[in-house]
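# Reading the structure
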Amino acid sequence: MDPRNPLLLLFLAIPALISLSFATSPSADDLVAELETLRAQSPSGVIHLDDRAVSRFLTSTPVPRPYSLIIFFDASQLRSKPDLHLTQLRSEFALVSSSFTDHHASSPAASLRVFFCDIEFQESQASFSLFGVTALPHVRYVGPHHHSPRDSESMDQSGFSRLAESMAEFVEAKTKLPVGPIVRPPPISPRQIAFLAVALLISAPFLIKRILEGDTMLHDRRFWMALAVFVYFFSVAGTMHNIIRKMPMFLQDRNDPDRLIFFYQGSGMQLGAEGFAVGFLYTIVGLIVAFATHVLVRLRNTTAQRGVMLVVMLVAFWAVKKVIHLDNWKTGYSVHAFWPTSWR
Amino acid sequence: MMAIAEAKGASALRNAFGGILGVFILLLIGIFAFSIRLFSVIKYESVIHEFDPYFNYRVTQYLTNNGIYDFWNWFDDRTWYPLGRAIGGTVYPGLTLTAGSMWWLLNSLNIPLSVETVCVFTAPIFSANAAWATYLLTKEVKGTGAGLTAAALLAMVPSYISRSVAGSYDNEAVAIFALILTFYFYVKTLNSGSLFYATLNALSYFYMVCSWGGYTFIINLIPMHVLLCIVTGRYSSRLYIAYAPLVVLGTLLASLVPVVGFNTVMTSEHFSSFLVFVIIHMVALVYYIKGILSPKMFKVAMTLAVTIGLTVCCAVIAIFIASVASSPTKGWSGRSLSLLDPTYASKYIPIIASVSEHQPPTWPLYFVDINVLAFLVPAGIIACFSPLSDASSFMILYLAISAYFSGVMVRLMLVLAPAACVMSGIALSEAFDVFTRSIKFQAGDINSESSIAQNDVSNVDSNATTDKSETVSKEPSRKNHEKEKEQEIVKKVTSKSQNGKKLLVLPQEVSAVVILLLIALGGFYVGHCVWTTATAYSAPAIVLKSYTPDGLRVFDDFREAYAWLQHNTDVDDKVASWWDYGYQITAMANRTVIVDNNTWNNTHIATVGAAVSSPEKAAWEIFNSLDVKYVLVVFGGLVGYPSDDIDKFIWMVRIAGGVFPHIREQDYLRDGRYHIDAHATPTMLNCLMYKLSYYRFVETEAEGFDKVRRTEIGNKKFELTHFEEAFTTEHWMVRIYKLKLPKNRIQGKLKNKSSSETYSSNQTRARNTRRNPWQ
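Residues numbered from 1 in each chain as written. Chains lettered and ligands numbered in written order. Predicted model: local features only at pLDDT ≥ 70, side-chain atom pairs only at ≥ 80, totals over all residues. Heavy atoms only, no water.

We count it as follows: UniProt positions are given in the numbering used here, feature names are shortened, and annotations may be inferred rather than shown by experiment.
Taken directly from UniProt, the Subunit (unreviewed entry) text for chain A runs: "Component of the oligosaccharyltransferase (OST) complex." Listed under Subcellular location (unreviewed entry) in UniProt, the entry text for chain A is "Endoplasmic reticulum membrane".

## Topic: the overall build of chain B
How we decide: Helix and strand definitions here come from DSSP, where helices need a minimum of 4 consecutive H or I residues and strands a minimum of 2 consecutive E residues; each element is numbered from the N-terminal end. To sort residues, take the accessible area from a 1.4 Å probe on protein chains only and compare it with the maximum for the residue type: under 20% means buried, over 50% means exposed, and anything in between is partly exposed. Pairs of residues are marked as contacts when any of their non-hydrogen atoms sit within 4.5 Å. The Shrake-Rupley method, run with a 1.4 Å probe sphere, supplies the accessible areas, and residue values consider only the shown protein chains as cover.
What chain B contains, in helices and strands, is 36 helices and 13 strands. Expressed as a percentage of its 775 residues, the buried residues of chain B come to 53%. Contacts in chain B between residues at least 24 apart in sequence constitute 72% of all its contacts with a sequence separation of at least 6. Just so you have it, chain B exposes about 33000 Å², and 62% of that area is on carbon and sulfur atoms.

## Structural notes on the sheet that holds strand S7 (residues 628–634) of chain B
Residue and element names in this part refer to chain B. Note the following rule: A pair of strands is labelled paired if DSSP reports no fewer than 2 bridges between them. Axis lines are fitted to C-alpha atoms, over the contacting stretch for helices. Their N-to-C directions set the angle, which ranges from 0 to 180 degrees.
Reading across from one edge, S6-S5-S7-S13-S12 is the order of the five strands in this open sheet, with mixed pairing throughout. At either end of the open sheet lies a strand with only one pairing partner, and these are strand S6 (592–593) and strand S12 (723–728). Note that S12 and strand S13 (residues 734–739) share five bridges and pair antiparallel. Looking at the pairing, Glu-724 lines up with Lys-738 of S13. Here helix H28 (residues 557–568) sits on the sheet and contacts strand S5 (574–576), S7, S12 and S13; the angle it forms with S13, its principal contact strand, is near 30 degrees.

## Considerations on the UniProt feature "transmembrane region" (unreviewed entry) in chain A
Residues and elements named next belong to chain A. Within the UniProt annotation, "transmembrane region" (unreviewed entry) is assigned to residues 193–212, 224–244 and 276–297. In residues 224–244, helix accounts for 90% and strand for 0%; the two terminal C-alpha atoms are 26 Å from one another. What you have in residues 276–297 is 86% helix and 0% strand, and the ends, taken at the C-alpha atoms, are 30 Å apart.

## Regarding unusual backbone geometry
All names here are of chain B. The peptide bond linking Tyr-81 to Pro-82 adopts the cis configuration, its omega dihedral lying at 0 degrees. Residues Ser-386 and Pro-387 are joined by a peptide bond in cis, for which omega reads 0 degrees. Along the chain, Pro-387 turns up in the loop between helix H21 (373–384) and helix H22 (390–408). Unusually for a residue other than glycine, Asn-110 sits at a positive phi of about 60 degrees. Assignment of secondary structure puts Asn-110 in the loop between helix H6 (94–108) and helix H7 (115–142). The class of Asn-110 is exposed, set by a relative accessible area of 69%. Not every positive phi belongs to a glycine, and Arg-710 is a case in point at roughly 55 degrees.

## What to know about the interface of chain A and chain B
Reports often express the size of an interface as the amount of accessible area lost when the parts come together. Note the cut-off: Put simply, buried area is the surface a 1.4 Å probe can reach on two separate parts but cannot reach once they are joined, added for both. Any Lys or Arg side-chain nitrogen found within 4 Å of a carboxyl oxygen on Asp or Glu counts as a salt bridge. Pairing of N or O atoms within 3.5 Å defines a polar contact, subject to two protein rules: one partner must be a possible hydrogen donor and the other a possible acceptor, and residues neighboring in sequence count only if both atoms are side-chain atoms. By the convention adopted, Pro, Cys, Tyr, Trp, Phe, Met, Ile, Leu, Val and Ala count as nonpolar, Lys, Arg, Asp and Glu as charged, and the other residues, Gly among them, as polar.
With 62 residues of chain A in contact, the opposing surface of chain B contributes 58 residues. Between chain A and chain B, the buried area comes to about 5300 Å², and carbon and sulfur atoms account for 77% of it. The three residues of chain A that bury the most area against chain B are Tyr-232, Tyr-282 and Val-335 of chain A, which together make up 12% of that side's buried surface. Summed over the shared surface of chain A and chain B, the number is one salt bridge. The salt bridge involving Arg-306 of chain A is made with Glu-509 of chain B; its shortest N-O contact spans 2.4 Å. Scanning the region where chain A abuts chain B turns up twelve residue pairs in polar contact (both at pLDDT 80 or more). Elements represented by at least two residues in the side of chain A that touches chain B include exactly helix H8 (221–236), helix H9 (239–245), helix H10 (272–294) and helix H11 (302–331) of chain A. The biggest single contributor to the side of chain A that touches chain B is H10 of chain A, with 14 residues. A class-by-class count of the residues in the side of chain A that touches chain B yields 34 nonpolar, 19 polar and nine charged.

## Focus: the packing of aromatic side chains
Aromatic ring pairs: the centre-centre distance and the angle between the two ring planes describe each pair. Residue and element names in this part refer to chain B. Which entries qualify depends on this criterion: Classification of ring pairs uses Phe, Tyr and Trp, with its six-membered ring standing for Trp, and accepts pairs whose centres are within 6.5 Å; under 30 degrees between planes counts as stacked, over 60 as edge-to-face, and the remaining range as tilted. Two conditions define a charge sitting above a ring: the NZ of Lys or the CZ of Arg must be within 6 Å of the ring centre, and it must be within 35 degrees of the ring normal.
One pass over the structure, following the stated rule, counts 50 aromatic pairs over all chains. Ring centres of Phe-34 and Phe-121 lie 6.2 Å apart, and the angle between their planes is 25 degrees; this geometry places the pair in the stacked category. Here Phe-34 is found in helix H1 (residues 2–36), whereas its partner Phe-121 is found in helix H7, with 87 residues between them in sequence. Geometrically, the ring pair formed by Tyr-690 and Phe-718 is tilted, given 6.1 Å between the ring centres and 40 degrees between the ring planes. Separated by 28 residues along the polypeptide, Tyr-690 in helix H34 (residues 688–694) and Phe-718 in the loop between strand S11 (711–712) and S12 bring together distant segments of the chain. Counting every residue linked through ring pairs, the aromatic cluster contains Phe-635, Tyr-690, Tyr-694, Tyr-695, Phe-697, Phe-718, Trp-732 and Tyr-737. Above the ring of Tyr-160, the side-chain terminus of Arg-37 is found at 5.0 Å from the ring centroid. Sitting over the face of the ring of Trp-651, Arg-654 holds its NZ or CZ atom 4.6 Å from the ring centroid.

## Some words on the pattern of salt bridges
All names here are of chain B. Under the definition given, this model contains 24 salt bridges over all chains. Here Glu-140 and Lys-188 are joined by a salt bridge, their closest N and O atoms 3.2 Å apart. Of the two residues, Glu-140 is situated in helix H7 and Lys-188 in helix H10 (residues 171–192); the sequence distance between them amounts to 48 residues. On the basis of relative accessibility, which here comes to 5%, the residue Glu-140 falls in the buried class.

## As for the side chain of Thr-264 of chain B
Following the sequence through the fold, Thr-264 of chain B ends up in helix H14 (residues 263–266). Reaching out from Thr-264 of chain B, the side chain makes a polar contact with the backbone oxygen of Gly-261 of chain B at a distance of 3.0 Å.

## Considering a nonpolar patch on the surface
Residues and elements named next belong to chain B. The criterion, for reference: Patches in this entry comprise residues that are over 30% relatively accessible and not in a salt bridge; like charges within 9 Å are linked, as are nonpolar side chains (Val, Leu, Ile, Met, Phe, Trp, Tyr) within 5 Å.
Residues Phe-24, Leu-27, Leu-28, Ile-31 and Trp-132 make up a contiguous nonpolar surface patch of about 490 Å² in total accessible area. The leading source of residues in the nonpolar patch is H1, at four residues. Within the secondary structure, Ile-31 is located in helix H1. Judged by relative accessible area, which is 48%, Ile-31 ranks as partly exposed.

## Quick look at the packing of helix H23 (residues 413–440) of chain B against helix H27 (residues 508–535) of chain B
Residue and element names in this part refer to chain B. As a reminder, the rule being used: When the near helix sits turned anticlockwise from the far one by under a right angle, the crossing is termed left-handed; a clockwise turn instead gives a right-handed crossing.
Direction vectors running N to C along H23 and H27 enclose 145 degrees, while the axes themselves pass 8 Å from each other. Between H23 and H27 the crossing geometry is left-handed. Residues Leu-428, Ala-431, Phe-432, Phe-435, Thr-436, Ser-438 and Ile-439 of H23 form the contact with H27, whose participating residues are Gln-508, Ser-511, Ala-512, Val-514, Ile-515, Leu-518 and Ile-519. Its residues assigned to classes, the contact of H23 with H27 comprises ten nonpolar, four polar and no charged.

This is the structure we're talking about:
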């Protein structure tokens, strides 16, 4: 999906092109032709811009330009921040671009003079300041009549939560051109579906036979036991919370970037690793009790029983104590009994 | 012979003694379950709590005053003005009818209790019932000991207490009892194969449908269990008897409840039960044919049946898909959808996502709500697998499903709690069983040991021989489950003492330590439950208390405001507030409200949201078009009451924005954050909610410092143009404003000519450009 790799070659090509045509100021048609070539070379039709390309296609061309640009501002150093969703938004942007190109493939060239571009922060810091972009994610529309990049219109921040759909709306509103249906690649390709269907068809008779004979994994109680305990672990670990809220596994300490924070204080929120740790503690105690009552009693050797029991008791005691301690620390409450006043 | 007879007599005596002890323990559990819920009455007063209970209380009052027929036909014009609400057809009547008939019974016995008292104590009474139902259910699964333990655990499980303290007069209070009872009857039918219990099962299901929308949990869980049994090859006639009558009778009875009605056959929540109903009939037919045909013939018939079955299945599925696909939400209600796809609600339905009890819980919540049960449940799961019966597989399924759902919504922790109690009860009782046995059979003195063992062995032998055929065949049809359980244990004991002369035991001293540890764990549980009940779950939310260095402070502002409304406004005046306070205003002030906690009409709620997020003039127009005379806002900035309207305001904007596109959340946020201080956006500072909350706030001792948000407010000095302050309670927690009357048309024009008073000029302009906000 990432169009950057084939574009590496392109970076080399652009300066060459620019230097070739520097002698004479390029005509509008030349620029359009150049942009079209660049677009054709990128798989999703998103053109990668750098500072020189920005000056060539935007700042040094006379207004009105015969084309308009929709620019996605990207920063590779911020891609690791999960709350910005830059990677996802970038691929959604590519989707809008390819949908737009597909929709207008057969229409006259004039409607195709909308070009989707992206700029990377580290290599084009000058362009970022030229546009006055300080926060990401950011999408800009530069129309034919915008004199300076600062005049261009930016997309509403709230729109990013709706991904490609709202970007398409933004493009349609600014360019007055329909984007067309957004074609998302299906999660599994048709070939894979066909393969799965064939595999299922072939295995169906065997499966049915085994079900009728009562000889499948479904008939193994250990499978169900593991599944039930896992579902329980999954829930008490608060995993649904982590999925719905998209919580990270751990945080970086702001004061000391080398330190990682695994436990978050405050009961309304939890981190991923924290949930799994406590879920594990919750589950382990029950498993120990079950182990002692169902497995250990069958052991013949009394000394071994004694030894294992000792270890197991210590572990269980530690786990319960740890959870109580963590809970008191996290919520700030500490449970106490109510004694008669005369006892104090 | 004599010895055996003697032993029999002794064991009968012991059983009788055990029975009486069991009844006594159950009685104590009931009393405990009732009394632990009285903290709220002792610490505060005998008062109805929170929001929804006030509505239920009002309905119960209507029922007792006007009778059952008027109740069914009741159209309430005091709420959702101007739409109104047909109460009889939109309310789950179980709770109201229960409390109403309790009141009626007490009155006919010449015990003159007020309706309010009955309502306050309904929940504790039904908690005791729920504890007993838990005993029955667990007894069916794993025997008496586990039953008693589970009942004791349920009596004080904090999750359930949070919904059933005295005064918490809500559907869940009786619904959890109905839920457990339905499961008990289902398991009982499964164990006994008796049609009598199958009928009772359908009836208790009917009671559950009457009581709570959560009945869909039952009607999906039981089919799932049936399907599981069929798939794992556990089909039996008992399964058929347990399931088929429930679907037929249960669905017929459920459709008698007006609020459910034809939903029982129209919505997707119920389809799984019908699908399984078809499947179980097909399976029953297959088993029947298998019984009457020779194996060879059966194979031929099987192929035929599978072919026909598949075609029928395809047809049914096609119809199903066609009917489901025609509805926009695919036939599922928003709440159910957010269970299947947990991220659904936060994306599409702000009104569901906004409710705090619909949030996914974090791990400390499990520790608060089921406490040490969280540790014991896995042991219970494993105990249920050894040996696996129909009943124990049902409990495992119940636990797994409810555990998953509780992970999606905090609210469903309530459904998990009984399952966790049953599982922990089983685990604890098994653990105690093993460890006490270890101590008992290794007690130092060999003589006493042998005599005890002898006693048990002989006792067992007699039983084992008589019922051997039954136990050996392992046919799970258990007419007398209890006896068999006993036999199983005893049989284990005999076989061991005969074969290896060694019981399934652990070293004695270690067992003693473990028992002490388990008792300590139980003690911690009791301590935790009492502490949580006393401190966290007993607050009625209508009266607030806080402990300051100066001593106890009581905030009774809500009732002060409602009393003011009742005494100082006209009986037909309309009061606008955010929906949280709708039920309380109608119940306590007896005034008409625009929206209330029954959030059935999102557009209407969004209209109120749009009004409070608009500037004063636009808000006045919206409110005026709804005939509103008074606007009530809740403000906690002076005393630090955190869940006030400013706190909820972002949801009002969000909900309004979902219907009215000109309200944009973006306008109220600066840098993606929500401010009321100097960084606040102009839209925020000019919206009605800000103005009504902070009007004259600078004149108080706080001088414009909001204690909840811990910041100085952005705009301190401003005047109201279209509203006037009518009443503010002692601690400023409730503020009531009156809409100013529109100025007389001619007078306004003249005034406008002569003077340039802001208000009248505004008003005139408003009239010139006045338009219906609904258009």
